[in-house]
Structures are given as C-alpha cells and as structure tokens.
Amino acid sequence: MAEKREDAQEGEPPAKRACSMSADEVMATIKPKKMLCLRYTYIEGMLEKRGPYRAEHIKKAKELEDDGLVFMAGAFNEPCDGAIFFFNAERITKEEILAFAKADPYVVNGLVTKHDVCDYMAVVGTHIKE
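Residues numbered from 1 in each chain as written. Predicted model: local features only at pLDDT ≥ 70, side-chain atom pairs only at ≥ 80, totals over all residues. Heavy atoms only, no water.

### A closer look at helix 5 (residues 51-66)
- Between the first and last C-alpha of helix 5 there are 23 Å, a value that for 16 residues agrees with the 22 Å anticipated at 1.5 Å per step.
- Where helix 5 is concerned, the buried positions are H57, A61 and L64. Taken down its axis, helix 5 places every buried residue within 45° of arc, on the same side. For helix 5, the exposed residues lying more than 90 degrees away from the buried face are P52, A55 and D66.
- Close packing links the buried residues of helix 5 with strand 1 (33-42), strand 2 (70-75), strand 3 (82-88), helix 6 (94-103) and helix 7 (105-108). (Helix = DSSP H or I, 4+ residues; strand = E, 2+ residues; numbered from the N terminus. Expected span 1.5 Å × (residues − 1). Buried < 20%, exposed > 50% of the residue type's maximum accessible area, 1.4 Å probe, protein only. Arc of directions from axis to C-beta. Contact = heavy atoms within 4.5 Å.)

### Side note on the packing of aromatic side chains
- If you walk through the whole model with that rule in mind, you get six aromatic pairs.
- Between F85 and F87, the ring centres sit 5.9 Å apart and the planes meet at 15°, which makes this aromatic pair stacked.
- Among the residues examined, F87 registers a relative accessible area of 0% and is labelled buried.
- Note on F87 and F100: the rings are 6.4 Å apart at their centroids and 70° apart in plane angle, and the pair reads as edge-to-face. (Phe/Tyr/Trp six-rings, centres within 6.5 Å; stacked < 30°, edge-to-face > 60°.)

### Section: unusual backbone geometry
- In this model, E78 is joined to P79 through a cis peptide bond whose omega is 10°.
- Looking at where P79 falls in the secondary structure, it is placed in the loop between strand 2 and strand 3.
- Residues other than glycine seldom take positive phi values, yet E78 does so here, at roughly 50°.
- Within the secondary structure, E78 sits in the loop between strand 2 and strand 3.

### Description of the nonpolar core
- With 23 residues, the main nonpolar core has L38, Y40, Y42, F85, F87, I97 and F100 as its most contacted residues.
- Every element with two or more residues in this core is listed here: strand 1, helix 5, strand 3, helix 6, helix 7 and strand 4 (112-122).
- Formed by seven residues, the second largest nonpolar core is a distinct cluster that contains I84, F86, C118 and A122. (Core = buried A, V, L, I, M, F, W, Y, C linked by side-chain atoms within 4.5 Å.)

### Side note on the confidence of the model for the protein chain
- Taken over all residues, the pLDDT of the protein chain has a mean of 87, while the share at 70 or more is 82%.
- Overall, residues 1-8 carries pLDDT values under 50, and its contacts beyond four positions in sequence, including any with other chains, amount to one contact. (pLDDT = per-residue confidence, 0-100.)

### Notes on helix 6
- Every buried residue of helix 6 is listed here: I97, F100 and A101. Around the axis of helix 6, the buried residues are gathered within 100° of arc, so they sit on the same side. Across from the buried face of helix 6, at angles greater than 90 degrees, the exposed residues are E95 and K102.
- Each element contacted by the buried residues of helix 6 is listed here: strand 1, helix 5, strand 3, helix 7 and strand 4.

See the structure below:
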C-alpha cells in the first residue's frame, strides 16, 4: 500500500507532495518574495456607485499587470468595503504606486476614503516562484 502512495506522489502537484514532507523540509523550500500592497477603503454603497468609473479603473490596473508590475488585484466581497493590489516590489516603487492611486478614477471621484501602501512578504503561492 505504501508503494502505491509513493508512485502516486510522483504525478501529484508540489502542494500535495508537501503534505508528505516534514516541516523542516517544507521550510527549506520557502523563498519569501517581497511585494508591495496598495490597500483601499471604499465608501458605503461602493457596488452601486462604481459603475461610471469601473471600466477605466480596471483598464489602468490591467495596464500595470501587462507591464509586469502588479500580480493581482481585487475588491473584498461581502462586504465590498475595500480592495488590495499586490505589486512586484522589484519593478515598482511605493511612490509610483501612490501616483497610480492618486490618478485612479475611484480615488479621483471620491469612492476611496483611504489608501496606503505597505510591505508584504509572500511565503506561499504561485507568484513567488517567478
């Protein structure tokens, strides 16, 4: 029976193989990656108010993704009270992120009540392997 398990592991994704590793073995594979996060706090009723600005907001975020600057971004759901962007800290500065936020249609049109940039250290996930 153990022999079948070993055979099955060879074709399994690394995440499933990690379950059979010791904690020390898993830690030896970890290569943390620094990212920068842009955090938004939204106004009440964001879902109803974002319509006129959403396409341009997403277009600007997509341009950053296409340039390899942002890994992913999206809004919190239930409640939709904010959003977070994960940026490649090797390719963009905090000042550039703040300039993006300042020009974002959501910020310009008062849909974001607060925004800030913070350091983030990723230890697990597909984007840290790049």
